[in-house]
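The primary structure of each chain is shown beneath.
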Amino acid sequence: MNKSFPPGHNYRKINWEVKVLNSVTLIGRLTKDAELVQLENYNRSVVKFILAVGRDFISKSGEREADFIPVSYWTNYGDKLLPYLKKGRLIGVNGKISTKNYTKDDVRKYFTTVEADKVQFLDHEKEALA
């Protein structure tokens, strides 16, 4: 079947919109127990933690390197989730990269975090705490 343009149609006038995607999936271990920040004016809270994610690269000394990535998870159930987010726990995170900035002493500072949409436990709690 020939899908040609209609007579007189100029295909170059079509708006070829470029789609962008901000999506990240990480698997790693918690570097310390997660912390809960309760917002006073809202019924929401944010659970913050740092995820250690191993690299494929092995250094000259034979050690595997890791990236330490700050993660924020906005939820209404942070107090119920917090007891399970303990140091060493293997978790998966789906979310998006977020960059923010602020000015301190006339110097602009930038930082990057992952805003999690989904957090999954990838090990059993007994295995993680053993």
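Every value quoted in this text rests on a predicted model; they were computed, and no experiment measured them.

Rules used throughout
Residues numbered from 1 in each chain as written. Predicted model: local features only at pLDDT ≥ 70, side-chain atom pairs only at ≥ 80, totals over all residues. Heavy atoms only, no water. Pairing = 2+ DSSP bridges. Helix = DSSP H or I, 4+ residues; strand = E, 2+ residues; numbered from the N terminus. pLDDT = per-residue confidence, 0-100. Buried < 20%, exposed > 50% of the residue type's maximum accessible area, 1.4 Å probe, protein only. Contact = heavy atoms within 4.5 Å.

### Let's talk about the pairing of strand E3 (residues 45–58)
Regular strands place side chains that alternate from one sheet face to the opposite one. For strand E1 (residues 24–30) and E3, the ladder comprises two bridges, and the chain directions are antiparallel. Paired with Leu 30 across the strands is Leu 51, a residue of E3. Where strand E2 (residues 35–38) and E3 come together, four bridges link them in antiparallel fashion. Note on E3: the bridge partner recorded for Val 37 is Val 46. In textbook terms, the turn of a hairpin is the stretch between consecutive antiparallel strands, and for E2 and E3 this stretch comprises six residues. Inspection of the sheet shows E3 paired to strand E4 (residues 64–75) by 11 bridges, in the antiparallel sense. Looking at the pairing, Lys 48 lines up with Ser 72 of E4. Taking the residues between adjacent antiparallel strands as the criterion, E3 and E4 are bridged by five residues, where Gly 62 takes a positive phi near 90°.

### Details of the confidence of the model for the protein
When pLDDT is low, close inspection of the predicted coordinates is not appropriate. A residue-level look at the protein finds 82% of positions with pLDDT of 70 or above and a mean pLDDT of 85. Mean pLDDT across the secondary structure elements of the protein bottoms out at helix H2 (residues 125–129), with 59, and peaks at E1, with 97.

### Considerations on the side chain of Ser 45
With respect to the element layout, Ser 45 can be found in strand E3. With a relative accessible area of 2%, Ser 45 lands in the buried category. Residue contacts for Ser 45: discarding those within four places in its chain leaves Leu 36, Val 37, Gln 38, Tyr 73, Trp 74, Thr 75 and Gly 78.

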